[in-house]
Amino acid sequence: KGRVLMLGALAGFRSIIGVEIDEGLHISASRNMEIFNRHAPLANFALHNVDIRDFDIPLGPMLCFANNPVSQPLFQQFVTKIEESLSAHPRAFVFVYLHANHTEAFSRRSWAEIDSGLLDNSNPYSIYSWTP
């Protein structure tokens, strides 16, 4: 609903992009970001109501955050799409994965696990970096 986008803005990220397939969550995030933007204006933020398989991966350095967004087959397709983009246009890329239920998607050699563990003793997370 936009919380991670707001935290990214407060952390100083210059560009914030949200992708949500669920129209209701997208609308909630859009409203929340409009309110947030009135109090802490962002130079560059965009919200997309689209399937992650149809989202064009930006070409600059990126930190991607996902909170167990989709089923395993769809998540694998998304990670593969990211890998194809990174192979074609090498750049810095870090993937933060909360409720990391499909970590096998990062089993290729090009992903290096930076950290993993449990948040609040129950929610798994993993952080990966792309290493071409």
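As a reminder, the structure under discussion sits directly above these lines.
Since this is a predicted model, take the numbers as computed values, not measurements.

Moving on, we get to the side chain of Ser126. Along the chain, Ser126 falls in strand 6 (residues 123-130). Setting aside its immediate chain neighbours within four residues, Ser126 contacts Phe95, Val96, Tyr97, Ala100, Thr103, Glu113, Asp115 and Ser116.

Of the volumes computed, that of the largest pocket is approximately 1400 Å³. As for the largest pocket, its lining consists of 44 residues, and the residues nearest its centre are Val4, Leu5, Ile17, Gly18 and Phe65. For the lining of the largest pocket, the element with the highest residue contribution is strand 3 (residues 62-67), accounting for six residues. Partitioning the lining of the largest pocket into residue classes produces 30 nonpolar, nine polar and five charged.

The next thing to look at is the side chain of Glu83. Relative to the elements of secondary structure, Glu83 occurs in helix 3 (residues 72-88). For Glu83, a relative accessible area of 3% puts it in the buried group. Here the side chain of Glu83 touches Arg108 through a polar contact of 3.0 Å, side chain to side chain. Other than its neighbours up to four places away in sequence, Glu83 contacts Ala105, Arg108, Trp111 and Trp130.

What follows covers the pattern of salt bridges. For the coordinates displayed, the defined rule picks out two salt bridges. Arg53 is the partner of Asp51 in a salt bridge, and the nearest nitrogen-oxygen pair spans 2.7 Å. The closest approach of N and O atoms between Arg108 and Glu83, which form a salt bridge, is 3.0 Å. Pair noted here: Arg108 is in the loop between strand 4 (93-98) and strand 5 (111-119) and Glu83 is in helix 3, with a separation of 25 residues, a long-range link. Relative accessible area serves as the criterion here: at 47%, Arg108 is assigned to the partly exposed category.

Turning to the nonpolar core, a few remarks are in order. Counting residues in each nonpolar core, the largest one holds 21 residues, and the members touching the most others are Phe75, Ile82, Phe93, Phe95, Phe106 and Trp111. When contributions to this core are tallied by element, the ones reaching two or more residues are strand 3, helix 3, strand 4 and strand 6. Examining the composition of this core, we find that six residues originate from one element, helix 3, more than from any other. Leaving out residues up to four positions away in the same chain, Trp111 has contacts with Val79, Ile82, Glu83, Leu86, Phe93, Phe95, Phe106, Tyr128, Ser129, Trp130 and Thr131. Ranked by size, the runner-up nonpolar core spans six residues in total, among them Leu5, Ala9, Met33 and Phe36.

Rules behind the numbers
- The residue count restarts for each chain, going from 1 along the sequence in the order it is written.
- It should be noted that, the model being predicted, local features are given only for residues of pLDDT at least 70 and side-chain atom pairs only at 80 or more, the latter also being counted only at that level, while totals for whole chains, interfaces and linings use all residues.
- In computing side-chain values, all of the structure's heavy atoms are included and hydrogens and water are not.
- Under the DSSP-based scheme used, a helix requires at least four consecutive residues in state H or I and a strand at least two consecutive residues in state E, with every element numbered from the N terminus.
- Residues count as neighbours in contact if any of their non-hydrogen atoms are within 4.5 Å of one another.
- In the cavity and pocket records, a cavity denotes points on a 1 Å grid over the protein atoms alone where a 1.4 Å probe fits but cannot get out, a pocket denotes an open set with protein on both sides within 12 Å along at least 5 of 7 lines, and lining residues are residues with an atom within 4 Å of a point.
- Grid points are joined across faces, edges and corners, and a volume is the space filled by probe spheres set on the points.
- Amino acids are sorted into nonpolar (Ala, Val, Leu, Ile, Met, Phe, Trp, Tyr, Cys and Pro), charged (Asp, Glu, Lys and Arg) and polar (every other residue, Gly among them).
- Only protein chains enter the accessibility calculation, which uses a 1.4 Å probe. A residue is then buried if its area is under 20% of the maximum for its type, exposed if over 50%, and partly exposed in between.
- Whenever a nitrogen or oxygen atom comes within 3.5 Å of another N or O atom, the pair is scored as a polar contact, on the condition that within protein one atom can donate a hydrogen and the other can accept it, and that pairs from neighbouring residues in sequence are kept only if both atoms are in side chains.
- Only one rule defines a salt bridge in this text: a Lys or Arg side-chain nitrogen within 4 Å of an Asp or Glu carboxyl oxygen.
- Each nonpolar core is a collection of buried residues, namely Ala, Val, Leu, Ile, Met, Phe, Trp, Tyr and Cys, held together in the definition by side-chain atoms within 4.5 Å.

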